[in-house]
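Residue-level structural notes
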Amino acid sequence: MALIHGGDCEGYILETGKMPLDFSANCNPLGTPDGVVKAVCDSVKNASAYPDPLCRRLVKALSQSEGVSEKAILCGAGAADIIFRLAAALKPKKALVTAPTFAEYELALNTVDCETEHYFLKEENGFALSEDFTERITPKTDIVFVCNPNNPTGNTTERPVLETILERCSKTGTLLVLDECFNDFLDEPERYTLKDKIKENKNLIILKAFTKLYGMAGIRLGYCLCGDGELIEKMREAGQPWGVSSLAQEAGIAALSEKEYVVRTKALIKEERKRLKEALSELGAEVFGGEANYIFFKCKVYDLATKMRSEGVLIRDCSNYCGLEKGYFRVAVRTREENDRLLETLEKVIK
């Protein structure tokens, strides 16, 4: 089976019997917080009971953390679960999606036979989203996906442009889905969010997840913010009633208390991101993006991912992203020691 995402450590282990150093998935290099691990372990004793299908305690904690109404929050088994629920609930006929971007948008749209139109991000513009994106949004466009910061490029779209896109969507009756799953890694996350627009704009949904920031990919926990209560209920009904395990709910509540952990994470990412980008450039790579916890670059060694894998280091080959070809790669920003090993291996393979 061909996997379209990074993070396939299990496949590497089954093939080699060894544990790889994984730079192909963009999770927190500090690992899952101790408080979250304890919460999950403590909750196991109650695992014989069904989880709360409404995630009430978690939703209350998220409401306080995000500053939005509890009625505007829906939890799921990762942001991907929310995306598929949205497609099933809305059943859009025509969508506008940037390229390259997170593959799950189009995969979910395909399940309801939605026609997907691509807005191709241009290399000459550094793969940044331009304001002419709004010209592609018409009354026939049912839904628009914007990932901010974008995956895999790591580029951000600032608030004024986002507001222009939202205004256009309001005029055309289009739903804007703003994916902010990596927003909390940014130095100034408030410059790139429309969270405060949720209450007054029913045509806006914001995607968030615990996956990356809290190193909880295996726990599967995400959520959305949406001011349209009717759509929230349709999305709830579009999936199984117990979509979020009791263990995941307790993990999420505990994670929201990990303030110091987040501060340490952001400081580490900021320092190491700068160092990695400079080092990659010195190795001859063309670095395009990297404002979150990953870096997107182009390299003359087209089989770079394969060669790195043979050295026990996994990186993301981005050639299977719509809008990209061979030679584009993405690496996560990890700890200094791990990043040193990445650079040493890259130097060995490239030179």
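Let me sum up the structure you'll find in this document. (Residues numbered from 1 in each chain as written. Predicted model: local features only at pLDDT ≥ 70, side-chain atom pairs only at ≥ 80, totals over all residues. Heavy atoms only, no water.)

Points about the sheet that holds strand β4 (residues 115-120)
Sheet architecture is open: seven strands sit in the order β2-β8-β7-β6-β5-β3-β4, paired in mixed fashion. Only two strands of the sheet have a single neighbouring strand rather than two, namely β2 (73-76) and β4. Averaged over all pairs of adjacent strands, the angle between strand axes in this sheet comes to 20 degrees, irrespective of strand direction. Here strand β5 (residues 143-147) pairs with strand β6 (residues 175-179) via five bridges, running parallel. (Pairing = 2+ DSSP bridges. Helix = DSSP H or I, 4+ residues; strand = E, 2+ residues; numbered from the N terminus. Axes fitted to C-alpha atoms, helices over the stretch in contact; angles between N-to-C directions.)

As for the pattern of salt bridges
Applying the stated criterion across every chain, the model contains 27 salt bridges. Two residues, Arg191 and Glu188, come together in a salt bridge whose shortest N-O distance is 3.1 Å. A residue is classified by how much of its surface remains accessible, and Arg191, at 31% relative accessible area, is partly exposed. Under the relative-accessibility criterion, Glu188 is labelled partly exposed at 38%. (Salt bridge = Lys/Arg side-chain N within 4 Å of Asp/Glu carboxyl O. Buried < 20%, exposed > 50% of the residue type's maximum accessible area, 1.4 Å probe, protein only.)

Considering the state of the cysteines
By the definition in use, this model includes zero disulfides. Free cysteine Cys27: the closest other cysteine sulfur is in Cys9, separated by 9.5 Å. On the accessibility criterion, Cys27 (17% relative accessible area) is buried. No disulfide involves Cys147; its sulfur sits 7.2 Å from that of Cys181, the nearest cysteine. Judged by its relative accessible area of 5%, Cys147 is buried. (Disulfide = S-S within 2.5 Å.)

Side note on empty space enclosed by the protein
One water molecule sets the probe size; rolling that probe over the atoms shows where empty space is left. All chains considered together, the criterion is met by two cavities of 30 Å³ or more. By volume, the largest cavity amounts to about 100 Å³. Along its surface, the largest cavity is lined by 14 residues, and Pro53, Cys75, Arg85, Pro241 and Gly243 are the ones closest to its centre. A per-element tally of the lining of the largest cavity places β2 first, with three residues. For the lining of the largest cavity, a count of residues per class yields eight nonpolar, three polar and three charged. Approximately 80 Å³ is the volume found for the second largest cavity. Lining the second largest cavity, in full, are Thr98, Leu121, Phe127, Leu129, Val146, Cys147, Asn150, Thr153, Asn155, Thr156 and Thr157. The class makeup of the residues in the lining of the second largest cavity is five nonpolar, six polar and no charged. (1 Å grid on protein atoms, 1.4 Å probe; cavity = no way out; pocket = protein on both sides within 12 Å on 5 of 7 lines; lining within 4 Å. Points joined across faces, edges and corners; volume = space filled by probe spheres on them. Nonpolar A, V, L, I, M, F, W, Y, C, P; charged D, E, K, R; others polar.)

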